[in-house]
Amino acid sequence: MIGIFDSGIGGLGAASQIRKKAPRADLVYFGDLANMPYGPRPVHELFTLTLDAMTRLRQAGATEFVAACNSVSVAVLAPMLDLFGSSHARVIEMVGPATHALYQLSPKKVLVAATLATVRSGLYERAFGAQGIATEMIALADLASAIEREASPEELNHLILPAVKRAQEIGADTLVFGCTQYPFARAAFARAFAHAQMPMRFFDPSEAVAEQAVAVFNTDGQGKTLVLVSKPSAVFEKTVHQLFGPSVCVQTVGVENKVDNSVER
Ligand code: DGL
């Protein structure tokens, strides 16, 4: 069984693409809504949350894992897999597949829009840079949370505008969705760039991640889909039904407070 996790709806993008490519794969998804957002958190908290998410998924039957969250990929998993060697790992993170797929597109100048944790790590800049891809990053601090609560088009536009400005300044031809929630606001990104009369290619790493998952993980199951959250959310549930059909139900599992949620993020 393949276990996929994220702070919220973001990883549902990769999960639904895995489902499309592998109808018989058994999938279990964990959305850690009680601890969302992950982006502003320090590395030690992301480490704790990653361990917790993977433990929950393992208890639910997962033996292979997809970290469908850039913030934990860059802060915890990519550096760890790099140290231990990723070729036999049962974990797929975002950066490796994204770098490989982006390279095939030969972009001229890339802007990665992401959370604070992802920008702070500098990992995308280094990984893309090592392939000769000129890359800059911008943190859109509140955008993931706004997408999770289905903020208005005006609010989304306001939060996306700094990326449009930065892309104009550096002459980017490709915008990488460096946070898995952002493709859920693809239409708002498209409107903001169209309004600025700036042609832009959008690149969603989740597609490459899903491709790698079906290539290396066991996809010969019974087509089960189990979805767990650490806090209920109507937007999350609606998104699950849109992507997987109305018969897939979302179960809320208990949370132990392992990280400090008293800080406003
Ligand atoms: N989906 C995550 C990412 O790709 C984190 C969003 C958040 O919780 O801040 O970085």
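Residues numbered from 1 in each chain as written. Predicted model: local features only at pLDDT ≥ 70, side-chain atom pairs only at ≥ 80, totals over all residues. Heavy atoms only, no water.

Asks: Before we go on, may I ask you to explain the overall build of the protein in this structure?
Replies: The number of helices and strands found in the protein is 11 helices and 10 strands. In terms of overall size, the protein behaves like a compact globule, its C-alpha atoms giving a radius of gyration of 17 Å where 265 residues would be expected to give roughly 18 Å. With the C-alpha coordinates of the protein rotated into their principal frame, the extents come out at 50 × 40 × 35 Å. Counting only residues that meet the buried cut, the protein has 54% of its 265 residues in that class. At a minimum sequence separation of 6, the contacts of the protein that also span at least 24 residues come to 78%. Side-chain charges of the protein comprise 23 positive and 25 negative groups, with the mean position of each set lying 3 Å from the other. (Helix = DSSP H or I, 4+ residues; strand = E, 2+ residues; numbered from the N terminus. Rg over C-alpha atoms; globule rule 2.2 N^0.38 Å. Buried < 20%, exposed > 50% of the residue type's maximum accessible area, 1.4 Å probe, protein only. Contact = heavy atoms within 4.5 Å. Lys, Arg positive; Asp, Glu negative; His and termini not counted. Charge placed at Lys NZ, Arg CZ, Asp CG, Glu CD.)

Asks: Teacher, can you tell me more about the sheet that holds strand β5 (residues 109-114) here?
Replies: In a beta sheet, neighbouring strands are held together by backbone hydrogen bonds and run either parallel or antiparallel to one another. What the four strands build is an open sheet, ordered β6-β5-β7-β8; its pairing is parallel. Looking at which strands have only one partner, the edges of the open sheet turn out to be β6 (134-139) and β8 (201-203). When strand polarity is set aside, the average angle formed by the axes of neighbouring strands in this sheet is 25°. With four bridges connecting them, β5 and strand β7 (residues 174-177) associate as parallel partners. (Pairing = 2+ DSSP bridges. Axes fitted to C-alpha atoms, helices over the stretch in contact; angles between N-to-C directions.)

Asks: I would appreciate a short explanation of helix α1 (residues 12-21) in the present structure.
Replies: It helps to recall that an α-helix has 3.6 residues per turn; residues three or four apart then point in one direction. Counted residue by residue, α1 has eight buried out of 10 residues, so it is predominantly covered. The set of residues buried in α1 consists of Leu12, Gly13, Ala14, Ala15, Ser16, Gln17, Ile18 and Arg19. Contacts from the buried residues of α1 go to β1 (2-6), β2 (27-31), β3 (64-67), α10 (205-216), β9 (225-229) and α11 (234-244).

Asks: How should the pairing of β1 be read in this particular structure?
Replies: Of all five residues in β1, five are buried; the element is thus mostly enclosed. Of the two faces of β1, both are covered, the one formed by Ile2, Ile4 and Asp6 as well as the one formed by Gly3 and Phe5. As defined by bridge partners, β1 adjoins β2 across five bridges and the pair is classed as parallel. Looking at β2, one finds that Ile4 is bridged to Tyr29. On the question of chirality, the crossover connecting β1 to the parallel β2 by way of α1 is right-handed. Relative to β3, β1 runs parallel, the two sharing four bridges. The residue bridging Phe5 from the neighbouring strand is Ala67, located in β3. (Right-handed = clockwise from strand over helix to strand, strands pointing away.)

Asks: Is there a simple way to think about the sheet that holds β2 in this case?
Replies: Judged by pairing direction, the sheet is parallel, and its six strands sit side by side in the order β4-β3-β1-β2-β9-β10 without closing on themselves. Taken across any chain shown, the strands that pair with only one partner, and hence form the sheet edges, are β4 (91-92) and β10 (250-252). Packing of α11 onto the sheet brings it into contact with β2, β9 and β10, and relative to β9 it is tilted by some 165°.

Asks: What should I look at first to understand the site of the ligand in this one?
Replies: What surrounds the ligand is a group of 14 residues, the closest being Asp6, Ser7, Tyr38, Ser71 and Gln181. Ser7 is positioned with one of its side-chain polar atoms (N or O) 2.7 Å from an oxygen atom of the ligand. Here Thr180 contributes a side-chain N or O atom positioned 2.9 Å from a nitrogen atom of the ligand. Among the residues forming the shell around the ligand, the class breakdown is six nonpolar, seven polar and one charged. (Near = heavy atom within 4 Å. Polar contact = N/O pair within 3.5 Å; in protein donor to acceptor, adjacent residues only side chain to side chain. Nonpolar A, V, L, I, M, F, W, Y, C, P; charged D, E, K, R; others polar.)

Asks: Would you mind going over the nonpolar core with me for this structure?
Replies: The nonpolar side chains of a soluble globular protein tend to be buried, and buried together. Grouped together as the largest cluster of nonpolar side chains are 73 residues, with contacts concentrated most on Leu175, Tyr182, Phe189 and Phe236. Here this core gets seven residues from one element, more than from any other, and that element is helix α8 (residues 153-170). For Phe236, the contacting residues outside a window of four places in its chain are Gly8, Ile9, Leu12, Tyr29, Gly31, Leu33, Val227, Val229 and Val250. Ranked by size, the runner-up nonpolar core spans 21 residues in total, among them Phe30, Phe65, Val91 and Leu228. (Core = buried A, V, L, I, M, F, W, Y, C linked by side-chain atoms within 4.5 Å.)

Asks: Is there a simple way to explain the state of the cysteines in this structure?
Replies: In a disulfide, the sulfur atoms of two cysteines are held together by a covalent bond. Across all of its chains, the model carries zero disulfides by this definition. Cys179 provides the cysteine sulfur closest to Cys69, a residue in no disulfide bond, and the two sulfurs are 7.1 Å apart. (Disulfide = S-S within 2.5 Å.)

Asks: Just checking my understanding: could you explain the pattern of salt bridges for this structure?
Replies: One side chain can pair with another of opposite charge once the charged atoms of both are near each other. With the rule as written, the count across this model stands at 11 salt bridges. A salt bridge links Arg149 to Glu155, with the shortest nitrogen-to-oxygen separation between them at 2.8 Å. The class of Arg149 is partly exposed, set by a relative accessible area of 49%. Arg201 serves as the salt-bridge partner of Asp173, at 3.9 Å between the closest nitrogen and oxygen. Placement of the pair is Asp173 in the loop between α8 and β7 and Arg201 in strand β8, with a sequence separation of 28 residues. Judged by its relative accessible area of 23%, Asp173 is partly exposed. Through salt bridges with shared partners, one network takes in Lys109, Glu136, Arg166 and Glu169. (Salt bridge = Lys/Arg side-chain N within 4 Å of Asp/Glu carboxyl O.)

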